[in-house]
Amino acid sequence: MLRTCGGMVRGWLPNVTAAWFVLQSLSDATNLVSLSGWMTCIAAYCLAAVAGFLSMLPGGAVVRELVITWLLAPLVTHPIALLAAVFLRITNICGECLMAGSISLIRWRNDRLQKSSRTSDP
């Protein structure tokens, strides 16, 4: 269980840091550029992931964005928080599709190489 929790932390920290940078680029709020701003992003994205899971909707659709917007509203305005949440959802989906496509391509090439090596053996 500790190994799994460590894996989740290693996965969430880059996503949260990306969200923090996106929020900084979209807003001129000075309270973002601090440890408390980064910790607020961590809390918002982790709670949004849990709320999305508990909602039983596919991928936590809409629930994650609403939670992120609600929790980040004290740092930035509502439209900026919503824009950042939607932008990060789209980039996460694109990244996951790229990873799935890459893994599928590698497995397909390995299967093809194994089949060709089996047919060439006497």
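Novice: Explanation requested: the packing of aromatic side chains in the structure shown.
Specialist: Between two aromatic rings, the relevant description is the distance of the centres plus the angle of the planes. Under the criterion given, the structure shown has one aromatic pair. Ring centres of Trp-20 and Phe-21 lie 5.5 Å apart, and the angle between their planes is 35°; this geometry places the pair in the tilted category. Overall, the relative accessible area of 16% leaves Trp-20 in the buried class.

Novice: Just checking my understanding: could you explain the confidence of the model for the chain for this structure?
Specialist: When pLDDT is low, close inspection of the predicted coordinates is not appropriate. The predicted model of the chain has a mean per-residue pLDDT of 86, with 98% of residues at 70 or higher. At the low end of the mean pLDDT range in the chain sits helix α1 (residues 2-26), at 86; at the high end sits helix α3 (residues 63-72), at 90.

Novice: Sorry if this is basic, but what is going on with the nonpolar core here?
Specialist: If you look at soluble globular proteins, the nonpolar side chains tend to sit buried side by side. Ranked by size, the top nonpolar core spans 23 residues in total, and within it Leu-23, Leu-32, Cys-41, Tyr-45, Ile-68, Leu-72 and Val-76 carry the most contacts. Of all elements in the fold, only α1, α2 (35-54), α3 and α4 (78-120) reach the threshold of two or more residues within this core. Among the elements that line this core, the one with the most residues is α2, at six residues. Tyr-45 has contacts with Val-16, Ala-19, Ile-68, Leu-72, Ala-84, Ala-85 and Leu-88, leaving out every residue within four places of it along the chain.

Novice: Before we go on, may I ask you to explain a nonpolar patch on the surface in this structure?
Specialist: Among the surface-exposed residues, Leu-47, Val-50, Phe-53 and Leu-54 lie close enough to one another that they form a single nonpolar patch of about 430 Å² accessible area. Within the secondary structure, Leu-47 is located in helix α2. Here Leu-47 falls in the partly exposed class, since its relative accessible area comes to 42%.

Novice: Any chance you could explain the pattern of salt bridges here in plain terms?
Specialist: Pairs may arise between side chains of opposite charge once their charged atoms sit close together. The full count for this structure, using the stated rule, is one salt bridge. In this structure, the salt-bridge partner of Arg-89 is Glu-65, at a minimum N-O distance of 2.7 Å. Separated by 24 residues along the polypeptide, Arg-89 in helix α4 and Glu-65 in helix α3 bring together distant segments of the chain. Side by side, Arg-89 and Glu-65 carry an identical accessibility label, which is buried.

Novice: How do you make sense of the packing of α1 against α2 when you look at a structure like this?
Specialist: Relative placement of two packed helices is described by the angle separating their axes and the distance separating the axes. For the pair α1 and α2, the least separation of the axes is 9 Å and the interaxial angle reads 120°. The angle between the axes of α1 and α2 places the two elements in the oblique class. Two packed elements cross with a definite hand, and for α1 against α2 that hand is right-handed. Contacts from Trp-12, Leu-13, Val-16, Thr-17, Ala-19, Trp-20 and Leu-23 in α1 reach Gly-37, Trp-38, Cys-41, Ile-42, Tyr-45, Cys-46 and Ala-49 in α2. Its residues assigned to classes, the contact of α1 with α2 comprises 12 nonpolar, two polar and no charged.

What counts and how
Residues numbered from 1 in each chain as written. Predicted model: local features only at pLDDT ≥ 70, side-chain atom pairs only at ≥ 80, totals over all residues. Heavy atoms only, no water. Phe/Tyr/Trp six-rings, centres within 6.5 Å; stacked < 30°, edge-to-face > 60°. Buried < 20%, exposed > 50% of the residue type's maximum accessible area, 1.4 Å probe, protein only. pLDDT = per-residue confidence, 0-100. Helix = DSSP H or I, 4+ residues; strand = E, 2+ residues; numbered from the N terminus. Core = buried A, V, L, I, M, F, W, Y, C linked by side-chain atoms within 4.5 Å. Contact = heavy atoms within 4.5 Å. Patch = residues over 30% accessible without salt bridge, like charges linked within 9 Å, V, L, I, M, F, W, Y side chains within 5 Å. Areas by Shrake-Rupley, 256 points an atom, 1.4 Å probe, with all protein chains shown as cover. Salt bridge = Lys/Arg side-chain N within 4 Å of Asp/Glu carboxyl O. Axes fitted to C-alpha atoms, helices over the stretch in contact; angles between N-to-C directions. Parallel < 35°, antiparallel > 145°, perpendicular 65-115°, else oblique. Left-handed = near helix turned anticlockwise from the far one by under 90°. Nonpolar A, V, L, I, M, F, W, Y, C, P; charged D, E, K, R; others polar.

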